[in-house]
Amino acid sequence: MTRSDRSDRSQRAARRDRAAQSATRSADSAACTITVCRGCCCGTAKIAGADHAGQLAALGAALTGTRVAVRLGDCLGPCERGNVIVVQPSPTGRAAGGRPTWFGTVNDREATGEIAAWAAAGGPGVADAPGLLDLYEFTPNRKARQGLES
């Protein structure tokens, strides 16, 4: 191996190290995202007895001081499961194998609070979801999953 080859390898290794450090800093500064469906059914009178404004207020209050982002989405698709909430992993969670986790029929404060607490703890790929959320979790069809990504 020539001196030039060693120098090239060394430079490539240094670039990889810098890129890895930068990615780690970016991942550490990011948090998961909660998407709350507020489309044609979720967040409307079609979901009787649910306090939709209270649900958003509870999420906001529970996540104050965290980096978890809450965003409102248009119709996510699985209307029969309204209110739908999706927790998307942080870059760290995704690197650890976390994938978006869908919850349906989230119409009470306890489930909303558990979702917020899990997201604040790191969410998919970082922290285990509380057992209560097993009752709400579902796998959406491909069309719904693709709609969330766009």
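Above this text you will find the structure in question.
## Examining the pattern of salt bridges
For step 1, the next point in the chain: Enumeration over the complete set of coordinates arrives at 1 salt bridge.
For step 2, the next point in the chain: Close ionic contact of Arg-109 with Asp-51 constitutes a salt bridge, the shortest N to O distance being 3.9 Å. One end of the pair, Arg-109, is in helix α4 (residues 109-120); the other, Asp-51, is in the loop between β1 (33-37) and α2 (52-62), and 58 residues separate them in sequence.
For step 3, the next point in the chain: Since its relative accessible area comes to 55%, Arg-109 is described here as exposed.
For step 4, the next point in the chain: Using a relative accessible area of 47% as the deciding quantity, one classes Asp-51 as partly exposed.

## Examining α2
For step 1, the next point in the chain: Residues of α2 that are buried include every one of His-52, Gly-54, Gln-55, Ala-58 and Leu-59, and no others. Each buried residue of α2 sits inside an arc of 160 degrees when the element is viewed along its axis, so together they form one side. For α2, the exposed residues lying more than 90 degrees away from the buried face are Ala-53 and Ala-61.
For step 2, the next point in the chain: Here the buried face of α2 lies against β1, β2 (69-73), β3 (85-88) and α4.

## What about the side chain of Thr-112?
For step 1, the next point in the chain: Locating Thr-112 in the fold gives a position in helix α4.
For step 2, the next point in the chain: Setting aside chain neighbours within four positions, we find Thr-112 in contact with Gln-55, Ala-58, Leu-59 and Val-106.

## Observations regarding the packing of α2 against α4
For step 1, the next point in the chain: Packing of α2 against α4 brings their axes to within 9 Å, and their N-to-C directions diverge by 35 degrees. When you trace α2 past α4, the crossing you get is right-handed. Of the residues in α4, those touching α2 at Gly-54, Gln-55, Ala-58, Leu-59 and Ala-62 are Arg-109, Thr-112 and Ala-116.
For step 2, the next point in the chain: Looking at the contact of α2 with α4 residue by residue, the class counts come to 4 nonpolar, 3 polar and 1 charged.

## Description of the packing of aromatic side chains
For step 1, the next point in the chain: By the definition in use, this model includes 2 aromatic pairs.
For step 2, the next point in the chain: Ring geometry for Trp-102 versus Phe-138: centroids 6.0 Å apart, planes at 70 degrees, classification edge-to-face. Pair noted here: Trp-102 is in strand β4 (residues 101-103) and Phe-138 is in strand β5 (residues 137-138), with a separation of 36 residues, a long-range link.
For step 3, the next point in the chain: Here the aromatic rings of Phe-103 and Trp-118 are separated by 6.0 Å at their centres, their planes lie at 90 degrees, and the arrangement is edge-to-face. Here Phe-103 is found in strand β4, whereas its partner Trp-118 is found in helix α4, with 15 residues between them in sequence.
For step 4, the next point in the chain: Under the relative-accessibility criterion, Phe-103 is labelled buried at 0%.
For step 5, the next point in the chain: Residue class for Trp-118 comes out buried when judged on its relative accessible area of 5%.

Basis of the calculations
Residues numbered from 1 in each chain as written. Predicted model: local features only at pLDDT ≥ 70, side-chain atom pairs only at ≥ 80, totals over all residues. Heavy atoms only, no water. Salt bridge = Lys/Arg side-chain N within 4 Å of Asp/Glu carboxyl O. Helix = DSSP H or I, 4+ residues; strand = E, 2+ residues; numbered from the N terminus. Buried < 20%, exposed > 50% of the residue type's maximum accessible area, 1.4 Å probe, protein only. Arc of directions from axis to C-beta. Contact = heavy atoms within 4.5 Å. Axes fitted to C-alpha atoms, helices over the stretch in contact; angles between N-to-C directions. Left-handed = near helix turned anticlockwise from the far one by under 90°. Nonpolar A, V, L, I, M, F, W, Y, C, P; charged D, E, K, R; others polar. Phe/Tyr/Trp six-rings, centres within 6.5 Å; stacked < 30°, edge-to-face > 60°.

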